[in-house]
Amino acid sequence: MDCKEEIDLSAPGPSVIERYFTRWYKADVKGQACEDHCILQHSNRLCVLTLAETHPILQDGRTIKNINYKISNGCSRLNNKVAGKSKRGGQFLTEFAPVCRITCTDETEYTIYSCMRGRLLEVNEDILINTSLLLKKPSTDGYIAVILPKFEESKLVGENLLSREDFEAVVSKRANSPN
Amino acid sequence: MLPLKEKDKPVVQKLLSSGCCARCVLRFCCVLVQSLYRQPGEDESEEGTRTATEQSDDPPKKRMKLDDGLKGSEASAGSGDAEAPPAPALSHCVVCLGVLQEYCSRDHARKVAEAVKTEDYHFETILLSVSLPAQLCVREHSCWLHVKKEMREKVMTRVKDDIVPLKEAFKWSVQGLIATELGGVYLGDEPCSLQLFDFVSILWHYVCSCSDVFLLVHNVEIVSYCPPHGFRHYPTPPGRPTSICTSQAIQCLHTSIYVAGRYNKYSRSLSQTPWIIDGRRMMESSVEELIAEPLASSFRSKGFNFSSSGREDVDVRTLGKGRPFAMEMLNPHRYRFTKMEMKKIQETINTSSDKIAVRDLQIVTRECMGHMKEGEEEKTKSYTALVWTQKPIEKDDIIFLDDIKELTLDQKTPLRVLHRRALAVRQRVIHSMNASFRDPHHFYLRLKTQAGTYIKEFVHGDFGRTKPNLCQLLKMDTDILELDVEVGNCGTSYFQKGNPGKSTGSMTRIVQLGLDFSGDFPRLDVENVIFFFSFQKTRLKQYT
């Protein structure tokens, strides 16, 4: 392949996430220590909800016993159906809407929250079958959900969330005061 | 003598006395002989013979004043109608408001011809189309109601639809004159097609308070549905106008020319169409603009429509034979080009930029635009991707990829396009692959796939939403750094070198002359308009 423009292959370039996404963080969601979530916002405004690397589920070698998208008797995120280009029918989520409940083998239970306003497009059903995806690749294959913010609100997603630098500051503060 | 029969006499009488012009009378009498409309009207000074005493069935005399002939046939009805007052010579017709009077003169035809000549079009045929104010159809309806009784009594078969439409009569009157002025150009042979897309700006004037604007064709329908008693607010026959229609504009429009070819894209920062967000241009130029510029200046056309058989991303190069495209050049002033001239234009495009190249540039027919989109789903595409691997690899690690044939993928709509496409799972087949090692973290992957396969997502997995993907096959993270596409043969022979496509000799180049008439003249009362609309419960088409 003759490249008219030579590219520098000596160092790995930016990854898919780095090329297309902006990372936003919410720390200590609902007051629970260290339950940090990460929202990856694509340049086309779509958001992917994931666990931040610091989340307890990903620490201490935990394994997952169960992931439940049924958050109440009347509502299961698995029933979410969207149709058409405008994604009609998706469940609308607010910042503190629960998306799923994860139970680990050591009986600890965690609720994952939306952290943003928008329409739920899909939840990751692969992690129901293969929970190790969530543990091994929480930022890619182990994502939780895809959420589409309203067009007018798309630029406001990061308003109440932390940028990567701010989040790292929060994390290092935690490390320095282990109480 | 005009071919009017006994039974037409009462109709003619009534029309003339209410103030119709000669040609309108002929129309109401359903006279279809085109040449009669071309005879000079009352403002010409031809000598005519009064035929007061002749019978109505005699063959027509040539060079006769139209009005005199009518008055003659009316007078020969005898039976005490000598007192029927003839319409004053220069009065304006109550039905056509001058359209079939002043505007059928040689002078007007000359004006129209001048307008065409100044635009400097090359053309072979002309199609004349005219757009008229809406009220003319209301006036005509009113007149018809006026004479309906007489028409029905004498001739059972006469229906409103038999009346010669105003536009037809106008064209019959004027076509010959315009053709002579433009130098004997052959006229397009669609004499009876009403240009129903014509709109009239005057419509807004009348109906804006109803906040509804209607196409002229719907107005005609309204009027014909309206029962006679519904017309009570409007006089029958229509009142005498104080002013006549004025010609608003003479527009010329050449039919589009279609140019096709294949293009290669050598740049990784060129979009196919202009990329503009919020009025701001994000990228310097685009494929369609680079191709269109030299074409537009050679064809002297102001606009174009670009269409291609599929498209590629901004950062993907198009190599090989190139992607077929077709361009519709709008309103060209020049349309005939030899093969040499087309080659020259192709040269110009190729030398103007090193980002694209064009080949097989040729003039084609309109059907080609459709053909191009055909078979888009059936094509196979060849891609070359530069793949990065997270873990170091060796030559042998990727050999197994060559043996994978007909691999079916389930691709959920990629996140990068999900904002504008529906969420769905698409099955696509990778027919074959070929890997060539480059260094421990890079290799080239050639793929032959079904059309519509998302290659980038196959390589990096798109959050696991494309299964199977290359990361799973290689059991390590992979990413795509570069992608090139080669479009396969398109299955039609239209764009092969040396084949100029269907011959375009049979296609007539048409210049359309649109004459708009408008005018300040007796308005319809707004309430009348509302009244008519109330017959139509459903909202009619809006014109914006």
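Chains are numbered independently. Their residues run from 1 in the order of the written sequence. Whichever chain is written first is A, and whichever ligand is written first is 1; the rest continue in order. Only residues with pLDDT of at least 70 are given local features in this predicted model, and only at 80 or more are side-chain atom pairs given and counted; all residues enter the totals for whole chains, interfaces and linings. Note that water and hydrogens are dropped before the side-chain values are worked out from all heavy atoms of the structure.

Participant: Quick question: what am I supposed to make of unusual backbone geometry here?
Facilitator: Both trends apply: most residues other than glycine have a negative phi, and most peptide bonds are in trans. All names here are of chain B. A cis amide bond, omega -10 degrees, links Lys467 with the succeeding residue Pro468. Located in the positive-phi region is Asp462, a residue other than glycine, with phi close to 50 degrees. By definition, any uninterrupted DSSP run of H or I lasting at least four residues is a helix, any uninterrupted run of E lasting at least two residues is a strand, and each is numbered from the N terminus. Tracing the chain through its elements places Asp462 in the loop between α14 (455–460) and β13 (466–467). At Lys475, a position not held by glycine, the phi torsion is positive, near 60 degrees. In this structure, Lys475 sits in the loop between α15 (470–474) and β14 (478–487). The classification of residues rests on relative accessible area computed with a 1.4 Å probe and restricted to protein chains. Under 20% of the type maximum is buried, over 50% is exposed, and intermediate values are partly exposed. Assessed through its relative accessible area of 66%, Lys475 is described here as exposed.

Participant: I tried to follow the sheet that holds strand β8 (residues 118–123) of chain A on my own but got confused; where do I start?
Facilitator: Strand-to-strand pairing in sheets goes through backbone hydrogen bonds, with the strands running parallel or antiparallel. Residues and elements named next belong to chain A. Pairing in this open sheet of 6 strands is antiparallel, and the strands run β1-β2-β3-β9-β8-β5 from one edge to the other. Two strands bound the open sheet, and with one partner strand each, they are β1 (21–26) and β5 (92–93). Note that β1 and strand β2 (residues 37–42) share 6 bridges and pair antiparallel. Counted as the bridge partner of Thr22 is Gln41 from β2. Strand pairing is assigned whenever DSSP detects at least two bridges linking the two strands.

Participant: Can you walk me through the confidence of the model for chain B in this structure?
Facilitator: Close inspection of predicted coordinates is inappropriate in any region flagged by low pLDDT. Residue and element names in this part refer to chain B. pLDDT measures how confident the predictor is about each residue, on a scale from 0 to 100. With 63% of its residues at a pLDDT of 70 or more, chain B has an overall mean of 71. Two residues qualify as a contact provided that any one of their heavy atoms is within 4.5 Å of a heavy atom in the partner residue. Predicted confidence is poor over residues 42–65, with pLDDT under 50, and the contacts of this stretch with residues over four places away or in other chains come to 37 contacts. Counting contacts from residues 491–509, a segment whose pLDDT is below 50, to residues more than four positions away or on other chains yields 40 contacts. Interface confidence in the predicted complex, given as ipTM, is 0.91; pTM for the same model is 0.71.

Participant: Sorry, what's going on with the nonpolar core here?
Facilitator: A general trend in soluble globular proteins is that nonpolar side chains are found buried together. Throughout, nonpolar core names a set of buried Ala, Val, Leu, Ile, Met, Phe, Trp, Tyr and Cys residues whose side chains join them through atoms within 4.5 Å. Counting residues in hydrophobic clusters, the biggest one holds 49 residues, and the most contacted among them are Cys20(B) and Leu100(B). Looking at this core, the element that brings in the most residues is helix α7 (residues 166–181) of chain B, giving 7 residues. Of all hydrophobic cores here, the second largest spans 30 residues; its members include Ile64(A), Ile67(A), Ala97(A) and Ile147(A).

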